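# A look at the structure
Here is what each chain is made of, one letter per residue.
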Protein chains: 2
Amino acid sequence: MKLESLKDLYVAELQDVYDAETQITKALPKMAKAASTPELQAAFHEHLRQTEQQISRLEQIFSGHGLPARGKTCKGMQGLIEEGQEMMKEKADPSVMDAALISAAQKVEHYEIASYGTLRTFANLLGLQQDVQLLQTTLDEEGNTDKKLTMLAERLVNPDAANEVGGRR
Amino acid sequence: MKLESLKDLYVAELQDVYDAETQITKALPKMAKAASTPELQAAFHEHLRQTEQQISRLEQIFSGHGLPARGKTCKGMQGLIEEGQEMMKEKADPSVMDAALISAAQKVEHYEIASYGTLRTFANLLGLQQDVQLLQTTLDEEGNTDKKLTMLAERLVNPDAANEVGGRR
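Fair warning: this is a prediction, and the values are worked out from it, not measured in the lab.

## Let's talk about the confidence of the model for chain A
All names here are of chain A. For chain A, the mean per-residue pLDDT works out to 90, and 92% of the residues sit at or above 70. Averaged pLDDT values over the elements of chain A bottom out at 80 in strand β1 (residues 2–3) and peak at 97 in helix α2 (residues 38–64). Scored below 50 in pLDDT, residues 165–169 shows 9 contacts in the model against residues more than four places distant or in partner chains. If you check the scores for this complex, the pTM reads 0.91 and the ipTM reads 0.89.

## Digging into the packing of aromatic side chains
For any pair of aromatic rings, the description consists of the separation of the ring centres together with the inter-plane angle of the planes. Residues and elements named next belong to chain A. What the rule picks out here adds up to 2 aromatic pairs over all chains. Ring geometry for tyrosine 18 against phenylalanine 62: centres 5.6 Å apart, planes inclined by 85°, an arrangement best described as edge-to-face. Remark: phenylalanine 62 occurs in helix α2 and tyrosine 18 occurs in helix α1 (residues 6–34); sequence separation between them is 44 residues.

## Some details on the nonpolar core
Residues Tyr10, Phe44 and Met77 of chain A together with Tyr10, Phe44 and Met77 of chain B are the most contacted members of the largest nonpolar core, which totals 106 residues. If sequence neighbours within four positions are ignored, methionine 77 of chain A has contacts with Ala20, Gln23, Ile24, Val108 and Tyr111 of chain A.

## What about the packing of helix α1 (residues 6–34) of chain B against helix α4 (residues 94–125) of chain B?
Residues and elements named next belong to chain B. Interaxial distance between α1 and α4 falls to 10 Å at its minimum, and their mutual angle equals 160°. When the axis of α1 is compared with that of α4, the two are roughly antiparallel. Crossing hand, α1 versus α4: left-handed.

## Re the relation of the copies chain B and chain A
For these two chain copies, the linking operation is a rotation about an axis paired with a shift along it. Expressed as a screw transformation, the operator carrying chain B onto chain A has a rotation angle of 180° and an axial translation of 0.0 Å, and the superposed copies differ by an RMSD of 0.0 Å. What the rotation and shift describe, once combined, is the action of a two-fold rotation axis. In terms of proximity to the rotation axis, the leading residue of chain B is glycine 79 of chain B, whose C-alpha is 2.3 Å off the axis. Mapped onto chain A, 100% of the interface residues of chain B again fall at the interface, so both copies present the same surface.

## Quick word on the interface of chain B and chain A
Each partner contributes residues to the interface: chain B has 47 residues there, and chain A has 47 residues. Interface of chain B and chain A: buried area, both sides summed, is about 4,100 Å²; carbon and sulfur atoms make up 60% of it. Our enumeration of links across chain B and chain A arrives at 8 salt bridges. Measuring nitrogen to oxygen at the nearest pair gives 3.0 Å for the salt bridge that ties glutamate 82 of chain A to lysine 75 of chain B.

## Description of α1 of chain A
At 3.6 residues per turn, the α-helix brings residues three or four places apart onto the same side. Residues and elements named next belong to chain A. Helix length check: α1 (29 residues) gives 41 Å between terminal C-alpha atoms against 42 Å at 1.5 Å per residue, within 8%. The sharpest bend along α1 comes to roughly 30°, located at alanine 27, with the proline proline 29 sitting one to four residues further on. With 22 of 29 residues buried, α1 lies mostly within the body of the structure.

## Some remarks on the pattern of salt bridges
Within this structure, the stated rule accounts for 16 salt bridges over all chains. For aspartate 16 of chain A, the salt bridge goes to lysine 107 of chain B, with nearest N and O atoms at 3.8 Å. Pair noted here: aspartate 16 of chain A is in helix α1 and lysine 107 of chain B is in helix α4, and the two residues belong to different chains. Linking lysine 107 of chain B and glutamate 83 of chain B is a salt bridge whose minimum nitrogen-to-oxygen distance equals 3.6 Å. Separated by 24 residues along the polypeptide, lysine 107 of chain B in helix α4 and glutamate 83 of chain B in helix α3 (residues 75–88) bring together distant segments of the chain. The buried category is assigned to glutamate 83 of chain B, whose relative accessible area is 15%. Beyond isolated ion pairs, a larger network of salt bridges with shared partners links Glu13 and Asp16 of chain A together with Glu83 and Lys107 of chain B.

Conventions we followed
- Residues numbered from 1 in each chain as written.
- Chains lettered and ligands numbered in written order.
- Predicted model: local features only at pLDDT ≥ 70, side-chain atom pairs only at ≥ 80, totals over all residues.
- Heavy atoms only, no water.
- pLDDT = per-residue confidence, 0-100.
- Helix = DSSP H or I, 4+ residues; strand = E, 2+ residues; numbered from the N terminus.
- Contact = heavy atoms within 4.5 Å.
- Phe/Tyr/Trp six-rings, centres within 6.5 Å; stacked < 30°, edge-to-face > 60°.
- Core = buried A, V, L, I, M, F, W, Y, C linked by side-chain atoms within 4.5 Å.
- Buried < 20%, exposed > 50% of the residue type's maximum accessible area, 1.4 Å probe, protein only.
- Axes fitted to C-alpha atoms, helices over the stretch in contact; angles between N-to-C directions.
- Parallel < 35°, antiparallel > 145°, perpendicular 65-115°, else oblique.
- Left-handed = near helix turned anticlockwise from the far one by under 90°.
- Least-squares fit on C-alpha atoms with pLDDT ≥ 70 in both.
- Buried area = accessible area lost by both parts, 1.4 Å probe.
- Salt bridge = Lys/Arg side-chain N within 4 Å of Asp/Glu carboxyl O.
- Expected span 1.5 Å × (residues − 1).
- Bend = angle between axes of the 7 residues up to and from the residue.

Written out as structure tokens, the structure reads:
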């Protein structure tokens, strides 16, 4: 791969996030299964549907540039997901596991927020206005998901887990 | 490791981010060396000094809980740094490389924003007000670094790289 222009880098970043999103579609059902709170399970299922739409938007962008929709192994996301999977194997109180799942999901969200933010800035500089709109829609969705997870953590999960402090059952 | 309480999870997350910060102190000098724009080099050097202070704050927190300052291999950060290092090996136009370095650095920043945000929320729920203050200070620094990198990308790096579009030298 040669990165001779911003456009080359833009395409490389698109391929990176396309692979990242594909990895996320495989991880989310496992996270939903590991969650105890029905609202958290529902949030993971909803985010899976949203991720599938985000993948479609990326495919639209590739297609607009006459390129095949192709991923390039995203080692960043691999590391994040591996970390989350190791955590899911731990012996944990159910409400503590929910708190841990939210923490892992927010790390994934922030990877995406960084990626789509960069892509939107690049698309803007390259004068690709249709791409900018598609990327901004996804960026807004990711930001909302992150906020929703914070609210779930504050409202549902953590207070229960905090009650366990000092108490061994 | 057992995660029986939110406090257990809090300590595990502290160990994760302590290792992540240590990894970052090793990566930043390489990123500064790979950067062409003096302002980007300076930003990486400044962030290295800031990271060292953030590590000191984590050591203060561990010490306050009577715990040794110990990291637990952070696979998420390993993946992000590996991805950045692979990118630095690419043959790239200098201004495109600067854009790519900023993109990699923002992914690292967002990992930290997610981690310190989670830790601050947990510390709050656990009633650890001194920890909350230390974590909030670092969280604010990370947010400012992220914004500074976006400004650098928009002001310095990308317009140069965009000029290369279509031009093979």
